Each structure stands twice: as C-alpha cells, then as structure tokens.
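# Coordinate inspection notes
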Amino acid sequence: MKPIYNTRSRKRQIENEERAQSEAQHQNEVDNLKEEVARLTSLLEQALRDKFRKATHIVQPKPMLVNPFNPQNLGANMLPSDF
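This is a predicted model, so every value here is computed, not measured. (Residues numbered from 1 in each chain as written. Predicted model: local features only at pLDDT ≥ 70, side-chain atom pairs only at ≥ 80, totals over all residues. Heavy atoms only, no water.)

Moving on, we come to the pattern of salt bridges. Here the structure, examined in full by the defined rule, presents two salt bridges. When the shortest N-O distance is used, the salt bridge between Glu 36 and Arg 39 registers 2.7 Å. Of this pair, Glu 36 and Arg 39 both sit in helix 1 (residues 7-56), three residues apart, which is roughly one turn of the helix. Under the relative-accessibility criterion, Glu 36 is labelled partly exposed at 35%. Owing to a relative accessible area of 44%, Arg 39 belongs among the partly exposed residues under this scheme. Asp 50 is paired through a salt bridge with Arg 53; the nearest N and O atoms lie 3.1 Å apart. Of this pair, Asp 50 and Arg 53 both sit in helix 1, three residues apart, which is roughly one turn of that helix. On the basis of relative accessible area, Asp 50 is assigned to the partly exposed category, the value being 30%. We classify Arg 53 as partly exposed; its relative accessible area is 42%. (Salt bridge = Lys/Arg side-chain N within 4 Å of Asp/Glu carboxyl O. Helix = DSSP H or I, 4+ residues; strand = E, 2+ residues; numbered from the N terminus. Buried < 20%, exposed > 50% of the residue type's maximum accessible area, 1.4 Å probe, protein only.)

Encoded structure:
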C-alpha cells in the first residue's frame, strides 16, 4: 500500500518556506541599504566638516579704508584742465 500524502499541508509548507526565504532576502536588502545610507551619511558629514574647516581658515580681507557708504567721487571737483 502506498503512503497517502497530505498535499494541502505540503503545499502550505512550501509556500511558508518560499515566504520565509523571500522575507529573509528582503531583510538582507534592507540591512544592506541601512549600511549604505550610514556610510554615505558619514562621507557627507566628513565633506561638510572639511569644507567648514577650510571656510573658517580663509584669510579675512583687510578692512576697507574708504567708507563704502560715503561716495568717493574723486573727479567731481576737478576741472578739465587738471587732467
């Protein structure tokens, strides 16, 4: 006599195994994505820190000797013969 297999049970078992495999693969992809985001975030933070350091080490321009709010029209009081 041949053994009787419960095909419904076997089908459910296969579906569960496939679902578990799919979920494990999905979780692995999520974990890899999280690691990649963390790596890229770290690189961005480092680049911004470097840029900020360079910006703070730029030599500041010397103060202007002429007040930019008082117009300096040097030729206004000159005659054409003074040129």
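Moving on from the coordinates now.
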